Amino acid sequence: MKTTELLFRNDLSSMLLLMLLWVSASSCQSDQLLKKYNGISLVASRDSLTEKQVNRLIDINANAAALMPYAFLNSEDSPELHFNSDRQWFGERVEGIEQAIDKLHQHNIRVMIKPHIWLRNGSFTGDLNFETDQDWAQFENSYREYILLYAEIAEKHQVELFCIGTELYNFVKNRPEFWGELIAEIRNHYHGKLVYAENWDKVDQTEIWKSLDYIGVDAYFPLSDKVSPNLQEIRSGWQKHKSMLQDLSEEYDKPILFTEYGYRSIDFALKEPWHSGREKTETNHGLQARALEATYEEFWTENWFAGGFLWKWHQHETSGGLENDRFTPQNKPAENTIKEYYRKFKR
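Since the structure is predicted, the reported quantities are computational estimates derived from the model, not experimental observations.

1. Examining the packing of helix α8 (residues 285-299) against helix α9 (residues 333-344)
Closest axis-to-axis distance for the α8/α9 pair is 8 Å, and the angle between their directions is 15°. Taken as axis vectors, α8 and α9 run roughly parallel relative to one another. The handedness of the crossing between α8 and α9 comes out as right-handed. In this structure, α8 uses His285, Gln288, Ala289, Leu292, Glu293, Tyr296 and Glu297 to contact α9, whose residues at the interface are Pro333, Ala334, Thr337, Ile338, Tyr341, Tyr342 and Lys344.

2. Description of the environment of Gly91
Along the chain, Gly91 falls in the loop between β4 (82-83) and α3 (94-106). Between the C-alpha atom of Gly91 and that of Arg46, which follows or precedes it by 45 residues, the distance is 6.3 Å. Setting aside residues no more than four positions away along its own chain, Gly91 makes contact with Ala44, Ser45, Gly96 and Ile97.

3. Observations concerning the packing of aromatic side chains
Under the criterion given, the structure shown has 38 aromatic pairs. Ring centres of Phe130 and Trp136 lie 5.2 Å apart, and the angle between their planes is 90°; on these two criteria the pair is classed as edge-to-face. Assessed through its relative accessible area of 4%, Trp136 is described here as buried. On the numbers, 5.3 Å between centres and 20° between planes, the contact of Phe171 with Phe178 is stacked. Assigned by exposure class, Phe171 and Phe178 land together as buried. Cation over ring: Arg110 sits above Tyr37, and NZ or CZ is 4.1 Å from the ring centre. Sitting over the ring of Tyr169, Lys202 keeps its end group 5.4 Å from the ring centre.

4. Comments concerning the pattern of salt bridges
Here the structure, examined in full by the defined rule, presents 19 salt bridges. Residues Lys103 and Glu51 are paired through a salt bridge, measuring 3.3 Å at the closest nitrogen-oxygen approach. Within this pair, whereas Lys103 is found in helix α3, its partner Glu51 is found in helix α2 (residues 51-59), the two being separated by 52 residues in sequence. What makes Glu51 partly exposed here is its relative accessible area of 36%. The partner of Glu185 in a salt bridge is Arg144, and the shortest N-O contact between them spans 3.2 Å. With Glu185 in helix α6 (residues 176-189) and Arg144 in helix α4 (residues 133-156), this pair connects stretches of sequence that are 41 residues apart. Judged by relative accessible area, Arg144 falls into the buried class, the value being 19%. Shared partners join several salt bridges into a network, and the residues in it are Arg56, Asp59, Glu335 and Lys339.

About the cut-offs
- Throughout, a residue's number is its position along its own chain's written sequence, starting from 1.
- Where totals are concerned, whole chains, interfaces and linings use all residues; where local detail is concerned, this predicted model gives features only for residues with pLDDT of at least 70, and gives and counts side-chain atom pairs only at 80 or more.
- Computation of side-chain values covers all heavy atoms of the structure but excludes hydrogens and water.
- The axes are straight lines fitted to the C-alpha atoms, using for helices just the contacting stretch, and the angles between their N-to-C directions are given from 0 to 180°.
- Strands here mean DSSP runs of E at least two residues long; helices mean DSSP runs of H or I at least four residues long; both are numbered from the N terminus.
- For this classification, under 35 degrees means roughly parallel, over 145 means roughly antiparallel, 65 to 115 means roughly perpendicular, and everything else is oblique.
- Note on convention: the crossing is left-handed when the near helix lies turned anticlockwise from the far helix by less than a right angle, right-handed when the turn is clockwise.
- In this analysis, two residues are considered to be in contact whenever any of their non-hydrogen atoms come within 4.5 Å of each other.
- Within 6.5 Å between ring centres, the rings of Phe, Tyr and Trp (the latter by its six-membered ring) count as paired, and their orientation is classed by plane angle as stacked under 30 degrees, edge-to-face over 60, tilted in between.
- Each residue is placed in one exposure class: buried if its accessible area under a 1.4 Å probe, protein chains only, is under 20% of its type's maximum, exposed if it is over 50%, and partly exposed if it falls in between.
- Geometrically, a lysine NZ or arginine CZ counts as sitting over a ring once it is within 6 Å of the ring centre and also within 35 degrees of the ring normal.
- Throughout this description, the term salt bridge denotes a Lys or Arg side-chain nitrogen within 4 Å of a carboxyl oxygen of Asp or Glu.

Take a look at the structure:
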């Protein structure tokens, strides 16, 4: 066989190999895009989660739901958590969480258990900071009992994702030994994926990510000071935050997960997206829909991004509506935006 013919065949084989590798890489990339958490944060109810209510989630192409068993502190000075009490709604107690998990899993909807602490005076949990070691120790024992209770529930029901805490910056920063021990203990009880949900302004100021599977962000980043910015202005407002999140993902080699994201349907909704005050503001359903569209366009196509859980979704099918200016997108134009983009990235 001539040398030129051998060279040609070798070149052809190399080209075919490169093409196969490219197709394989493209397939993996597409597979990554399909595995997003298209999630909602399901508000606890007084009663069981019903088939009809789950069908509403399926209708918007959601493939995941966050369940939030709350614990309560009487004040910032009180180190004892109260949880799984008969005084709480059914959906916030163990029996309600278990019922909801079973119902969601029956329809192949993935679950994140996401414990929250509520301070009765409305103070921000990220500022929680006890003065004495005795109070810290009492609080830590109480918190460990609370978290391990739901970690065991997560293991029992093979829950896909467990959040070890929500917006507890001072606690995480000031008590690193406790958190290291707690994460190890959780992993002894639960064998799924772990995340912690940090507030948007502190997510790059904690080192807990190295011990977890995802970098969790409650993503209420300010995006615009305007009354009603257009789509391109909103996307421009994301750029510096997006760059920070991508750098953080690369630093820890962990995907970013929006443990919460969402916007109210009001004017100026993107100036302080975390704001939930009851003062009268003009409704702006178009802005809510555009803000969600911009978020999906900016993040859901990125391989370092794992998806997110929309804040928030009520079980009652008549929730939201055009007179409502709160975070829920239900029965508003934004619901169609979610349905469209969750369909696009549906598993």
